[in-house]
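Geometric and topological summary
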Amino acid sequence: MTVVTLGVHIVDVLARPVESIPQGQDTHLLEQIRITAAGAAAGTAVDLAKIGVPVASAGAVGDDELGDFLIMIMARHGVDVTGVVRKPGEQTAASILPIRPDGGRPSFHVPGANLGLSLADLDKERITGASVLHLGGMDVTWGLHDPAFFALLDEARAGGTVVTMDLLSNMPDLVTGARTFLPHVDHVLPNEEQALMLTGADGVEEAAAALLGEGVTSVLVTLGGEGSLVATSDGHTRIPALDVPVVDTTGCGDAYCAGFIAGLLGGRDVIGAARLGTAVAARVAGGLGSDADLDGVDPAAL
């Protein structure tokens with residue numbers, strides 16, 4: 001298997017456009033409602049599958065109807081879901097996202113089974129055999145804050161696996177806890193808020209430099225409408241966002257990760273892979289949900 005995405009699996013229920021929550025029992029008519037596979041592991045996996053990259057996902061969902069849906073929809077998109085375990089008695093993580101007219105996305109969220117994912121749930125041979133292992137949401141998968149898991153990451157990297165990492169939350173206590181993963185990761189892809197939380201820095205370039213000092217090969221900080229900052233030992237490069245009509249920003253970070261990984265696998269350097277991530281994220285921003293507008297997309301054409 002070329003890529004394994006490991007970490008957070010969420011069911012998203014999205015509705016747009018939402019300008020306010022109705023009072024009492026009132027009803028607001030909307031243009032669109034979708035339910036999707038999302039989260040920093042599941043969403044990235046679906047995006048990779050949609051752009052033609054073979055991918056398996058590993059994580060935890062509940063033994064409930066939401067878990068049934070999540071596994072079904074990921075498999076339908078072409079993701080190998082045999083590494084997704086069911087947790088009896090737990091709810092599958094889920095979010096309700098009322099999307100504002102400008103594409104903003106406040107959320108209501110239940111963390112669910114993601115919190116119980118542990119090393120015992122993982123197929124170690126699949127991880128060490130991956131070309132790329134993407135860690136999605138290590139700030140909230142507390143069961144993987146484990147020296148034995150760090151040793152597994154080091155074993156995988158020693159065998160040639162490239163390890164990338166994205167985060168999920170914007171809660172300082174959770175985000176800073178993910179810093180322990182950095183010595184075991186090649187490329188880290190936080191958003192601006194997360195990068196500042198991880199480092200305590202005052203600015204994004206200072207934060208990127210601090211993260212490089214933790215031993216990663218590159219730091220890619222996504223900046224929303226300002227694009228992204230790519231930092232390596234060769235310096236810092238700003239990559240502008242593409243000018244597209246924004247419908248919904250849900251999952252743009254996951255799409256950026258998927259494009260970046262596809263770029264690395266396609267032989268692009270870090271800057272070239274980041275440009276592909278930017279293009280994939282722009283496609284997703286033009287529709288509703290974390291996998292919007294990617295059907296039939298050829299990454300070589302972006």
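Attention in this report is confined to the structure presented alongside it.

Calculation rules
Residues numbered from 1 in each chain as written. Predicted model: local features only at pLDDT ≥ 70, side-chain atom pairs only at ≥ 80, totals over all residues. Heavy atoms only, no water. Helix = DSSP H or I, 4+ residues; strand = E, 2+ residues; numbered from the N terminus. Rg over C-alpha atoms; globule rule 2.2 N^0.38 Å. Contact = heavy atoms within 4.5 Å. Areas by Shrake-Rupley, 256 points an atom, 1.4 Å probe, with all protein chains shown as cover. Lys, Arg positive; Asp, Glu negative; His and termini not counted. Charge placed at Lys NZ, Arg CZ, Asp CG, Glu CD. Buried < 20%, exposed > 50% of the residue type's maximum accessible area, 1.4 Å probe, protein only. Pairing = 2+ DSSP bridges. Core = buried A, V, L, I, M, F, W, Y, C linked by side-chain atoms within 4.5 Å. Phe/Tyr/Trp six-rings, centres within 6.5 Å; stacked < 30°, edge-to-face > 60°.

**Quick look at the overall build of the protein**
Across its full length, the protein holds nine helices and 13 strands. Since a compact globule built from 302 residues should have a radius of gyration of about 19 Å, the 18 Å found for the protein is in line with a globular shape. Referenced to the eigenvectors of the C-alpha coordinate spread, the extents of the protein come out at roughly 55 × 45 × 40 Å. At a minimum sequence separation of 6, the contacts of the protein that also span at least 24 residues come to 69%. Total accessible area on the protein stands at roughly 12400 Å², and carbon and sulfur atoms take up 52% of it. Measuring between centres, the 16 positive side-chain charges of the protein sit 4 Å from its 38 negative side-chain charges.

**Examining the pairing of strand 1 (residues 3–7)**
Within strand 1, five of the five residues are buried, which leaves the element mostly enclosed by the surrounding structure. In strand 1, alternate side chains face the same way, and those of Val3, Thr5 and Gly7 on one face and Val4 and Leu6 on the other are all buried. The pairing of strand 1 with strand 4 (residues 55–62) spans five bridges and is parallel. In the strand pairing of strand 4, Thr5 is matched with Ser57. Sheet topology places strand 1 next to strand 8 (residues 132–136); five bridges connect them, and they run parallel. In the sheet register, Gly7 faces strand 8, and the bridge partner there is Gly136.

**Topic: the pairing of strand 2 (residues 10–16)**
Most of strand 2 sits inside the fold, with six of its seven residues counted as buried. Pairing between strand 2 and strand 3 (residues 32–38): seven bridges, direction antiparallel. Each bridged residue has a counterpart across the sheet, and for Val13 the counterpart in strand 3 is Ile35. Relative to strand 6 (residues 94–98), strand 2 runs parallel, the two sharing five bridges. For Asp12, the partnering residue across the bridge sits in strand 6 and is Ser95.

**Focus on the nonpolar core**
With 45 residues, the main nonpolar core has Leu6, Leu122, Leu135, Phe149, Met165, Phe181 and Val219 as its most contacted residues. Dropping the residues within four chain positions of it, Phe181 is found in contact with Leu135, Met138, Leu144, His145, Phe149, Phe150, Leu153 and Met165. Counting residues in each nonpolar core, the second largest holds 44 residues, with Val11, Val132, Cys257 and Phe260 among its members.

**Some details on unusual backbone geometry**
Geometrically, the link from Arg16 to Pro17 is a cis peptide bond, its omega value of -10 degrees lying close to zero. Its place among the elements puts Pro17 in the loop between strand 2 and strand 3.

**What to know about the packing of aromatic side chains**
Under the defined criterion, the tally for this structure stands at two aromatic pairs. Look at Phe149 and Phe181: their rings are 6.2 Å apart centre to centre, the planes differ by 65 degrees, and that puts the pair in the edge-to-face class. With Phe149 in helix 4 (residues 147–158) and Phe181 in the loop between helix 5 (172–177) and strand 10 (187–188), this pair connects stretches of sequence that are 32 residues apart. Ring centres 5.0 Å apart and planes at 85 degrees place the aromatic pair Phe150 and Phe181 in the edge-to-face group. Here the residue Phe150 occupies a position in helix 4, and Phe181 occupies one in the loop between helix 5 and strand 10, the gap between them amounting to 31 residues. Grouping residues by exposure puts Phe150 and Phe181 together as buried. These aromatic residues form a ring-pair network of at least three members: Phe149, Phe150 and Phe181.

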